[in-house]
2 protein chains.
Amino acid sequence: MRRSDLLLGVLALAMTVPAAEAPADEGLWLFNNPPKKQLKEKYGFDAGPEWYDHVMRSSVRFNSGGSGSFVSANGLVMTNHHVGADALQKMSDEKHNYLADGFYAKTSAEEKKCLDLELNVLEEIVDVTKEVEGAVKPDMSAEDAFKARRSVMAKIEKESQEKTGLRSNVITLYQGGQYHLYRYKRYTDVRLVFAPEQQIAFFGGDPDNFEYPRYDLDICFFRVYENDKPLQAKHYFKWSAHGAGDNELVFVSGNPGRTDRQNTMAELAYLRDFGYPFVLQRLNRMEVALMSWSQRSEENARRARDELFGVQNSRKARDGGLAGLLDPALMARKQAEEEKLRKAVASNPELKSAADAWDRIAKAETKRREVAKDFLMYEGRSGFNSQLFGVARTLLRAAEEFPKPNGERLREFVDSNKEPMKFQLFSEEPIYDDLEILTLTDSLTLLCYQYGEKDEMVKKVLGGKSPHDRAAELVLGSKLKDVELRKKLFEGGQQAVDACKDPMVELARLIDPISRKVRKIMDTEVDEVKRQAHSQIAKSKYALEGDSVYPDATFTLRLSYGAVKGYEENGKQIPFETNFHGLYERSAQMKNKPPFDLPPRWEKQKDKLTLSTPLNFVFTADIIGGNSGSPVINKNAELVGIVFDGNIQSLVWDFIFDEKEGRSLAVHSAGIVEALRKVYEAQDLANELTGK
Amino acid sequence: MRRSDLLLGVLALAMTVPAAEAPADEGLWLFNNPPKKQLKEKYGFDAGPEWYDHVMRSSVRFNSGGSGSFVSANGLVMTNHHVGADALQKMSDEKHNYLADGFYAKTSAEEKKCLDLELNVLEEIVDVTKEVEGAVKPDMSAEDAFKARRSVMAKIEKESQEKTGLRSNVITLYQGGQYHLYRYKRYTDVRLVFAPEQQIAFFGGDPDNFEYPRYDLDICFFRVYENDKPLQAKHYFKWSAHGAGDNELVFVSGNPGRTDRQNTMAELAYLRDFGYPFVLQRLNRMEVALMSWSQRSEENARRARDELFGVQNSRKARDGGLAGLLDPALMARKQAEEEKLRKAVASNPELKSAADAWDRIAKAETKRREVAKDFLMYEGRSGFNSQLFGVARTLLRAAEEFPKPNGERLREFVDSNKEPMKFQLFSEEPIYDDLEILTLTDSLTLLCYQYGEKDEMVKKVLGGKSPHDRAAELVLGSKLKDVELRKKLFEGGQQAVDACKDPMVELARLIDPISRKVRKIMDTEVDEVKRQAHSQIAKSKYALEGDSVYPDATFTLRLSYGAVKGYEENGKQIPFETNFHGLYERSAQMKNKPPFDLPPRWEKQKDKLTLSTPLNFVFTADIIGGNSGSPVINKNAELVGIVFDGNIQSLVWDFIFDEKEGRSLAVHSAGIVEALRKVYEAQDLANELTGK
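Remember, it's a predicted structure, so these values are computed and weren't measured experimentally.

So, the relation of the copies chain B and chain A
Right, so step 1: With an axial shift of 0.0 Å and an RMSD of 0.0 Å, the rotation relating chain B to chain A amounts to 180 degrees. The transformation relating the two chain copies, once decomposed into turn and shift, fits a two-fold axis. Residues of chain B ranked by C-alpha distance from the rotation axis are headed by Asn284(B), positioned 2.8 Å from it.

Some remarks on the packing of aromatic side chains
Pairs of aromatic rings are described using the distance from one ring centre to the other and the angle between the two planes.
Right, so step 1: Summed over all chains, the structure comprises 54 aromatic pairs over all chains.
Right, so step 2: An angle of 55 degrees between the planes, with centres 5.9 Å apart, marks the rings of Phe62(B) and Phe222(B) as tilted. Pair noted here: Phe62(B) is in strand S2 (residues 59–62) and Phe222(B) is in strand S11 (residues 220–226), with a separation of 160 residues, a long-range link. We note that Phe62(B), like Phe222(B), is buried.
Right, so step 3: An aromatic cluster of three or more residues is present, and its members are Tyr104(A), Phe194(A), Phe221(A), Phe580(A), Trp602(A) and Tyr680(A).
Right, so step 4: Sitting over the face of the ring of Tyr276(A), Arg318(A) holds its NZ or CZ atom 5.1 Å from the ring centroid.

Quick notes on the environment of Arg258(A)
Residue and element names in this part refer to chain A.
Right, so step 1: Locating Arg258 in the fold gives a position in the loop between strand S14 (249–254) and helix H10 (265–294).
Right, so step 2: Counting along the chain gives 148 residues from Arg258 to Asn406, while the straight-line C-alpha distance between them is 26 Å.
Right, so step 3: With near-sequence residues (within four places) excluded, Arg258 lies in contact with Ala553, Ile624, Gly625 and Asp654.

Topic: the packing of helix H10 (residues 265–294) of chain B against helix H16 (residues 433–451) of chain B
All names here are of chain B.
Right, so step 1: At a minimum axis distance of 11 Å, the contact between H10 and H16 shows a crossing angle of 145 degrees. Taken as a pair, H10 and H16 cross one another with a handedness that is right-handed. Residues Phe278, Gln281, Arg282, Arg285, Met286, Ala289, Leu290 and Trp293 of H10 form the contact with H16, whose participating residues are Asp434, Leu435, Leu438, Thr439, Asp442, Thr445, Leu446, Tyr449 and Gln450.
Right, so step 2: Here the contact of H10 with H16 is built from residues that sort into nine nonpolar, four polar and four charged.

Quick look at the confidence of the model for chain A
All names here are of chain A.
Right, so step 1: Scored by pLDDT, chain A has a mean of 92; 96% of the residues are at 70 or more.
Right, so step 2: Across residues 1–20, confidence stays below pLDDT 50; counting only partners more than four residues off in sequence or on other chains, it has 24 contacts.
Right, so step 3: Confidence estimates for the predicted assembly give a pTM of 0.76 and an ipTM of 0.75.

Conventions used here
Residues numbered from 1 in each chain as written. Chains lettered and ligands numbered in written order. Predicted model: local features only at pLDDT ≥ 70, side-chain atom pairs only at ≥ 80, totals over all residues. Heavy atoms only, no water. Least-squares fit on C-alpha atoms with pLDDT ≥ 70 in both. Phe/Tyr/Trp six-rings, centres within 6.5 Å; stacked < 30°, edge-to-face > 60°. Helix = DSSP H or I, 4+ residues; strand = E, 2+ residues; numbered from the N terminus. Buried < 20%, exposed > 50% of the residue type's maximum accessible area, 1.4 Å probe, protein only. Lys NZ or Arg CZ within 6 Å of the ring centre and 35° of its normal. Contact = heavy atoms within 4.5 Å. Axes fitted to C-alpha atoms, helices over the stretch in contact; angles between N-to-C directions. Left-handed = near helix turned anticlockwise from the far one by under 90°. Nonpolar A, V, L, I, M, F, W, Y, C, P; charged D, E, K, R; others polar. pLDDT = per-residue confidence, 0-100.

As structure tokens, this is what we get:
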């Protein structure tokens, strides 16, 4: 029995155990509208505004895509290894593979500055719905409405930024039902403190990804600096003395990226019949190409590791989502929900104007299907998978967009995004010719397949060469690896870019008309139409259901809640937690072969470990991609774990939440400290966390 | 310097060294029309008919897809490990993994009988062109012509089989320009003698597949039995004392499966624009599914190994082929060849009727494109990837086809195929539920994507369930794993099958109408039209070019020739052979990680090996898939190596032969004996080979 079991038992008894028929722990709730009623009724939890404010300010968004939290007064930030992976990869070189081998700075002088990592901490949320809606007149065409809205949002953001100095983003919630201004403190001096070996962070690799039981130490520590000194954080999560226990109420505070729970049947049908299969086709071919290239040499593997991981992760997630979309039982449930809502709307005279919203969405989805291929291949770059191409397009468009009035630019070029964009564009991240040629060859080959060789644009793109020869010519001929040149082109504006004959810039220029054309159709004839229709649906739903509704995820801070709890699968009971003993067992079962091999340190220090210490656990709170790295906290806002995955059964949560078998996965706080102290001998770091 | 270098030097000097501008070593030549002129002119080689007869009778076809040869008077047959893989897999179980771990029968009593391996030895070739053509009247419709030809071919085969007792197949050559009757001796009592570990047979795995330099011991030995005694083989290849040397003339005698060298531009365009990308899409998704499943456990990996290998192999081959098709330079060369031939045909009054053959093919290809998806998904089973489904379809169709007159049956049900079909159908090969569910789920998901859920046939196939649930229901509900039941249904004929309610049989029954419909269109409106047009083109080509032409590959015995020779790649000289030293070096370079790890035996016995012994070598002879396992022999018909692969640059040989960088790969005879004696201590086997 592990040390804290007794304590946990007492705690569990003290909790209000919810009845079996209680509503599910569903929801990605706004911090300015938390699920107080549900928490009180189901769990007897009733905290004041300070609790929510403290949790909000202790939470951190990784702008590269992910979540984290402050875990010490000295600006220490914890996230997942796989959220930090991008930064780890970028600071690695042929001699140092921090992503694979890990890192530990014993002193603050050894902490290693990240190339282009930006963290955001939410300071304030302001409802600006009225201001945004006031700018859109009822008689406007869809295109004008889109422009007017974009313009007023850009204006609000700019004014806010000038007034507060904070990063300011207007977030579209409830598909346009509400608009909230989010003000963030930006941190760009972020330094690496600790990362374990990828082997243990991602133990079990792709095979065990989205599976449970799991045994991953998927953590990574950074420190935020201000004026070259560690940030003195007013808000941070204290470390729980015991960690997560069975049946305990826990919260997740993080940035879920995107859900499609309000999707209508027409939208789900699009995803099922085209969207997901199309993306999966691309992911499957990329996975095969990257995998077989990686296996040719250790150096290839290092170079492609991060991209391959991303591809495998997306592939498995989409596979799971598609399985849900292809499940008639699940679709029938969605269908029934939609019909119920449509009926309620139709029979309510005040909601009359929303009655045909579903049909308008269906029509927009038909339009989407018409332009989807062009949109994905050109604007979405499925035909141009190359980092250098991405740089070229950004430079080309920056020259064209920035001279326009703020409100008339493409969304990503509004003033409030300028600094983050430059930060990314001028990154010294290494770009590898061979990997570039591989991915560009693969995507140009896909382009040939999608349009045929005789297509005029494909002919122009290839210039009479095979995909491989053309990719090699473009990658080896481009000078855009030179960051100084990028800066010169960016600062030089339209004139400098017009004069630039770099082959990647020429390619970006060649396809920009078609890219912009389909994007415009998608923006105005699809997304805007849907935004208006969804706004009406969401408002109707709001009118009918009150504040029991939460908006779909938008990669902004949300609060979820749930209970630590195992589940039954194929008649077998899966316990709520795993421990270190299970880790060594799984490794032995798989003959210690990659990705089930353990770092040498873990073999060596095994005897020092208390093997019954919990390592991972599952719970019912609602999460989605983007929540990776989110703190899991107890009712006292103490850290008991860190979210790193969901099980396979949770992959349908994109569209519909279900907690029968679906679970969120976290690394247990006790396991983190045990590993830091006994395996890594990182006493200072462990002490900083536990406050000892 | 290795022992035989001096000897090889002398031999090389003795050879007629061909001039640089000599014609390429192209061609998959018929044994009844060997390239005597080319051999004499380029290499001064001039053998009599006994030489060709001896080589023919020493060569072996593996009916499962591959080649081999007799290498001792006691019926010992050598082939590739990857040709024997299917048999090795089938005789393995949870306790014995012969495919992975290898096998050696020290005594003949230990030799292990294969479940369903059939070997064929070609005894005789008879030209039956006149007889076949006589049955087709000029005024027949395409459909009638097809039936008439099928009927007469079945009649010839049946009569030949009855007369000679030999397996008799009428082979369509030159796309219908000629028809030859091939008579084979069938051997079905085949026993495993020796297989190395798959690690060393397929050292470097998928990453090094189709690459060079290589270090693979891709060999496997079987023994043919007759009346429970080892076959006394009159014809077999003697082992060369020195093996293959630089610049030496060598021959390959094997069964190339399929080439498309006579393809017209319209056919290549079909493959480029639809055929290859479609198949690659399926292969990519299968590879990803099998790979991630395999990585979940050792037992999964064992079960899927053979199928995964096949998928990866096909995928890489198609990728290479597609790269060739997308190379404008290569396509321009094919285009010029086609234009030249068309011009010559058009300007020759005697060939007038062939002038529009290319247009007829183009029209047929348009038709093919129309039905290709249905054909591949239903008749080609891309939507029904399950062994049990294959059994069900065979049983269903056998009941329907066998009562018909021989000539009116589907091609695979003619009498001469009945025994091989039964042999396969009644195989005790294990079928695994989990793997079946995996592959069937994947292919049913593809079916949904290709037709959409609303498609009537898809709805019927899925029966209101998700692809996974439906696959599980079918696999777990079917009783066809029971071979006795299969026999009962097969023997019971139409009545027994009609009464059968097995879910897999019901599924096969459900889709049989659409399968047969598209197959009929493909047979009569595409293939038959093309057959006639190609026949005219081939005859015209024959009339214009004489017997310098060879027919496309047909998985029948062919002779190729060429020189042992390195090549230049990216300005670097690649030597003609590798050795054991290089093997250990490559393994160390990849940190001995799979698939670059060596079997323990190879680590242990390293000191005993003469590391300079050659292991693999390259040469210019023309090969294609199906040639795997073919003997490589010298002018004295002594065995100097065994074909196991081609390099990446040879993958375009599907359509066009080019020896600038393209090379065939073989295991060196000296390396085989060195490994048998020093690593496996298989002295008896080595002595049997070398006659010592």
